[in-house]
Amino acid sequence: MSFTKIDHYEKEYIDAHHDSALNVTEGVADQPIVNPHFRRPKRRRLSTEEYVAGILRGDITVLSQAITLVESSNPDHYQQAQEIIERCLPHAGRSVRIGITGVPGAGKSTFIEAVGNMVASLRHKLAVLAIDPSSERSGGSILGDKTRMESISSNPDVFIRPSPSAGSLGGVARKTRETIVLCEAAGFDVIFIETVGVGQSETAVHSMVDMFMLLQISGAGDELQGIKRGIMEMADIMVITKADGENIHKAELAKTQFQGALRLFPMPESGWRPKVYTCSAVARTGLEEVWKGVEEFLAHTESNGYFQHNRNRQNKYWMYESINEALRNSFYHDPQVEKRIGDYEQRVLDARLSSFIAAKELLDLYFEDKSAKR
């Protein structure tokens, strides 16, 4: 049986009624959205001296451009970025670094906005480094945290910098550590690092902050969480958010449960027993108690020497991380490796070569190339 498509009848009707008023004449083509004659002026690239001078005088525009340079994956930017960081290092280290993390929906951005207003009113300069999750499919990020912090985004004493996680594990961006150095050199004495929503094992942010704050919501766990390991044992302060309205009783119950859970952990090296607080960023309740807890923790760790000990240990950790990153970049940008890695990848995909043998042969090729250049 033959099947006639609807297009056939439409064509017959148009041929028979081409003079009809129902016949639509061909219109003009769609115009381009952007003016085709528009040419974006090319921005002049600043020198290292101009970057450093702008950062040290607290110029937010120059600081933002320097962070973009540091985050760039362009090999041409790497050398200048390292020079800027090296020049800023003597002016860094004079801030309090606070990591803020929590489950998705715990209200991290709203909490930071509320606490940020209070911190700025205490004559502190606050930098918020908000790490936005990147899509595993498209690689893109919304970077919308700044829109959630409307009341502090226009404050001249507050700098908000969203950055994509770009596939980095641990809930922090690849260059967050370097960004902290630049913000400190620019005069910011309180730095919040807001991570992406985390799970039990994503704790990389703990290696770059002085205090780790975990946000929770009521109903997220009970005493059983105390025998688990992961992010809870990293927390110096835990905050139950959204403690307002009908949720106040649930938040107080969650506070009791988490306090019981934290007692099951051994005493941390800092000598500080983690505390649990409740607050509401919307109702502006409990925020002062949370910040007093932050001040108590900092006073405790500075008095017993743990604060500086922790900073020194982090510097050692990031020395090895910098070595690993430099070796990784050197490997992937080696001319011989770049020439052959695509072929090895295809052979692994075609199951003609195991991934382990492919990796070994590529590494051998890399070391042979380095030896030949000596």
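That block above? That's the structure.
Right, let's walk through the structure included here. Residue numbers here run from 1 along each chain, matching the order of that chain's written sequence. Restriction of local features to residues with pLDDT of at least 70 applies here, the model being predicted, together with a cutoff of 80 or more for giving and counting side-chain atom pairs; totals for whole chains, interfaces and linings are based on all residues. Side-chain metrics in this entry use all non-hydrogen atoms of the structure; hydrogen atoms and water are not considered.

## A look at the overall build of the protein chain
- Helix and strand counts for the protein chain come out as 13 helices and 7 strands.
- For the exposure calls, accessible area comes from a 1.4 Å probe over protein chains only, and a residue counts as buried if that area is under 20% of its type's maximum, exposed if over 50%, partly exposed in between. Relative to its full complement of 374 residues, the protein chain shows a buried share of 41%.
- Any two residues having at least one pair of non-hydrogen atoms within 4.5 Å are treated as being in contact. Taking contacts inside the protein chain between residues at least 6 apart in sequence as the whole, the part at least 24 apart equals 76%.
- About 21900 Å² of surface is accessible on the protein chain, with carbon and sulfur atoms providing 54% of the total. What counts as a helix is a DSSP run of H or I of at least four residues, what counts as a strand is a run of E of at least two, and both are numbered from the N terminus. Residue burial considers only the protein chains on display, and all accessible areas are found by Shrake-Rupley using a 1.4 Å probe.

## Digging into unusual backbone geometry
- In this structure, Arg 123 is a non-glycine residue whose phi angle is positive, near 65°.
- When you line up the elements, Arg 123 lands in the loop between helix H5 (108-121) and strand S2 (126-132).

## Some details on the pairing of strand S5 (residues 211-216)
- The buried fraction of S5 amounts to 6 of the 6 residues, a majority that puts the element mostly inside the structure.
- Burial along S5 is two-sided: Met 211, Met 213 and Leu 215 and Phe 212, Leu 214 and Gln 216, pointing in opposite directions, are all buried.
- With 5 bridges connecting them, strand S1 (residues 96-102) and S5 associate as parallel partners. Counterpart to Gly 99 in the pairing with S5 is Phe 212.
- By the convention used here, strands pair only if DSSP detects at least 2 bridges between them. As judged from the 4 bridges shared by S5 and strand S6 (residues 237-240), these two strands associate in the parallel manner. Pairing of Leu 215 across the sheet is with Val 239, part of S6.

## Remarks on the pattern of salt bridges
- By convention in these notes, a salt bridge is any Lys or Arg side-chain nitrogen within 4 Å of a carboxyl oxygen on Asp or Glu. For the structure shown, the criterion picks out 12 salt bridges.
- Across the pair Lys 360 and Asp 364 runs a salt bridge, and its minimum N-O distance is 3.0 Å. Taken as a pair, Lys 360 and Asp 364 lie in helix H13 (residues 355-372) at a separation of 4 residues, close to a single helical turn.

## What to know about the packing of helix H3 (residues 60-71) against helix H8 (residues 176-185)
- Axis definition: a line fitted to C-alpha atoms, limited for helices to the stretch in contact. Angles are taken between N-to-C directions and run from 0 to 180 degrees. In contact at an axis separation of 10 Å, H3 and H8 are set at 160° when each is read in the N-to-C sense. On the basis of their axis angle, the class for H3 and H8 is roughly antiparallel. Between H3 and H8 lies a crossing whose hand is right-handed. Packed against H3, whose contacting residues are Leu 63, Ala 66, Ile 67, Val 70 and Glu 71, the element H8 presents Glu 178, Thr 179, Leu 182 and Cys 183 at the interface.
- For this classification, Asp, Glu, Lys and Arg are treated as charged, while Ala, Val, Leu, Ile, Met, Phe, Trp, Tyr, Cys and Pro are nonpolar and the rest, including Gly, are polar. The residue makeup of the contact of H3 with H8, split by class, is 6 nonpolar, 1 polar and 2 charged. An angle below 35 degrees is read as roughly parallel, one above 145 as roughly antiparallel, one from 65 to 115 as roughly perpendicular, and any other as oblique. Handedness of a helix crossing follows the sense of rotation of the near helix relative to the far helix, less than a right angle counterclockwise being left-handed and clockwise being right-handed.

## What about the environment of Gln 336?
- With respect to the element layout, Gln 336 can be found in helix H12 (residues 335-349).
- Owing to a relative accessible area of 28%, Gln 336 belongs among the partly exposed residues under this scheme.
- Note: C-alpha distance between Gln 336 and Glu 368 (32 residues apart in sequence) is 9.7 Å.
- Setting aside its immediate chain neighbours within four residues, Gln 336 contacts Leu 365 and Asp 369.

## Looking at the packing of helix H4 (residues 75-88) against H8
- Running from amino to carboxyl end, H4 crosses H8 at an angle of 50°, the nearest separation of the two axes being 9 Å. Taken together, H4 and H8 sit at an angle that is classed as oblique. Two packed elements cross with a definite hand, and for H4 against H8 that hand is left-handed. Contacts between H4 and H8 involve Ile 84, Ile 85 and Cys 88 from the first element and Glu 178, Val 181, Leu 182 and Ala 185 from the second.

## Things to note about helix H11 (residues 306-332)
- If you check H11, its first and last C-alpha atoms are 39 Å apart, about what 27 residues at 1.5 Å a residue would give, namely 39 Å.
- Residues of H11 that are buried: Tyr 306, Phe 307, Asn 310, Arg 311, Gln 314, Trp 318, Glu 325 and Phe 331.
- Each element contacted by the buried residues of H11 is listed here: S1, H8, helix H10 (287-303), H12 and H13. One less than the number of residues in a helix, times 1.5 Å, gives the span that helix is expected to have.

## Things to note about the environment of Phe 212
- Relative to the elements of secondary structure, Phe 212 occurs in strand S5.
- Residue Phe 212 is classed as buried on the basis of its relative accessible area, which comes to 0%.
- For the pair Phe 212 and Met 232, spaced 20 residues apart in sequence, the C-alpha to C-alpha distance is 10.0 Å.
- Residues within four places of Phe 212 in sequence aside, it is in contact with Gly 99, Thr 101, Val 205, His 206, Ile 231, Met 234, Ala 235, Asp 236 and Ile 237.

## Some words on the side chain of Asn 310
- Among the structural elements, Asn 310 can be located in helix H11.
- Under the relative-accessibility criterion, Asn 310 is labelled buried at 5%.
- Ignoring any residue separated from it by four or fewer positions in sequence, one finds Asn 310 in contact with Val 209 and Asp 210.

## Concerning H13
- When the terminal C-alpha atoms of H13 are compared, their 26 Å separation across 18 residues agrees well with the 26 Å that a helix rising 1.5 Å per residue should span.
- Taken together, the buried positions of H13 are occupied by Ala 358, Leu 362, Leu 365, Tyr 366 and Asp 369. Looking down the long axis of H13, one finds its buried residues gathered within 100° of arc, a one-sided arrangement. Those residues of H13 that are exposed and angled more than 90 degrees off the buried face are Phe 356, Lys 360, Phe 367 and Glu 368.
- Contacts made by the buried residues of H13 are with H11 and H12. Our arc is simply the arc of the directions from the helix axis toward the C-beta atoms.

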